[in-house]
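Structure at a glance
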Amino acid sequence: MTQRGRATRPSGPAGRPRRSDGPRGADRGGAPRGDLAARRTRLREVIEPVVSAAGYDLEDLSVSRAGRRHVVRVIVGADGGISLDAVADVSRAVSAALDAAEEAGGDIVAGEYQLEVSSPGVDRPLTLPRHWRRNVGRLVKVTVRGDAGDRQLTGRITAADDERVTLETDAGSAAHPYPELGPGRVQVEFNRLDDLDDSDLGDDTDIDDDDEDLEDEER
């Protein structure tokens, strides 16, 4: 589930792309346009509190170039999944926070950018305890580290807490501390697809602000 839109400095006619007033090749904070890591840090400082206040976790944040503009991708998750309506609410809150931050302190992302907010799909790796907890009952494939070397293990998650995850395999049930595990990968079971929510599958349905922009421009 993805909501797309533009969060930009409020200058120029409504609904049209706005551009930074900073010097060419740098944003107002002096960071070069190519410094995506610095932008990502500034974005996280603004976005993570908004996501947390809404009751969700910021699972990932990335910034990339798409032609002459940047794309800011935000992935949010929660116990029990997150609905399309909730994603839309978070997207609006994040967009408003970015606008307010830019008004207060200059461009966070130089020039025009597009904001995309989505929920995690089953293809996202399980790297944190909460990821394993939210996938109890699922079949996963994971690399288990040991003194004798690494081994691939496929099993069903039967329990997970802050310290370890319990996997049921053909050899029986065993608990594995998280430091022993590599990123887990959920295995899609076609005979269990009916049990998956749209948010689990990473619905690609878009809520695009462009139509609203066009209506604003016509008005």
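A brief report on the enclosed structure follows. Keep in mind the model is a prediction, meaning the values are calculated, not measured. (Residues numbered from 1 in each chain as written. Predicted model: local features only at pLDDT ≥ 70, side-chain atom pairs only at ≥ 80, totals over all residues. Heavy atoms only, no water.)

Turning next to the pattern of salt bridges. Under the counting rule described, the total for this entry stands at twelve salt bridges. Among the ionic pairs, arginine 134 bridges to aspartate 57, the shortest N-O distance being 2.3 Å. With arginine 134 in the loop between helix H3 (129-133) and strand S5 (139-144) and aspartate 57 in strand S2 (residues 57-66), the pair connects residues that are 77 residues apart, well separated along the chain. For aspartate 57, a relative accessible area of 24% translates into the label partly exposed. Glutamate 59 is paired through a salt bridge with arginine 130; the nearest N and O atoms lie 3.1 Å apart. With glutamate 59 in strand S2 and arginine 130 in helix H3, the pair connects residues that are 71 residues apart, well separated along the chain. On the basis of relative accessible area, glutamate 59 is assigned to the buried category, the value being 15%. Residue class for arginine 130 comes out partly exposed when judged on its relative accessible area of 21%. Sharing partners across several salt bridges, the network here consists of Asp57, Glu59, Asp79, Arg130, Arg133 and Arg134. (Salt bridge = Lys/Arg side-chain N within 4 Å of Asp/Glu carboxyl O. Helix = DSSP H or I, 4+ residues; strand = E, 2+ residues; numbered from the N terminus. Buried < 20%, exposed > 50% of the residue type's maximum accessible area, 1.4 Å probe, protein only.)

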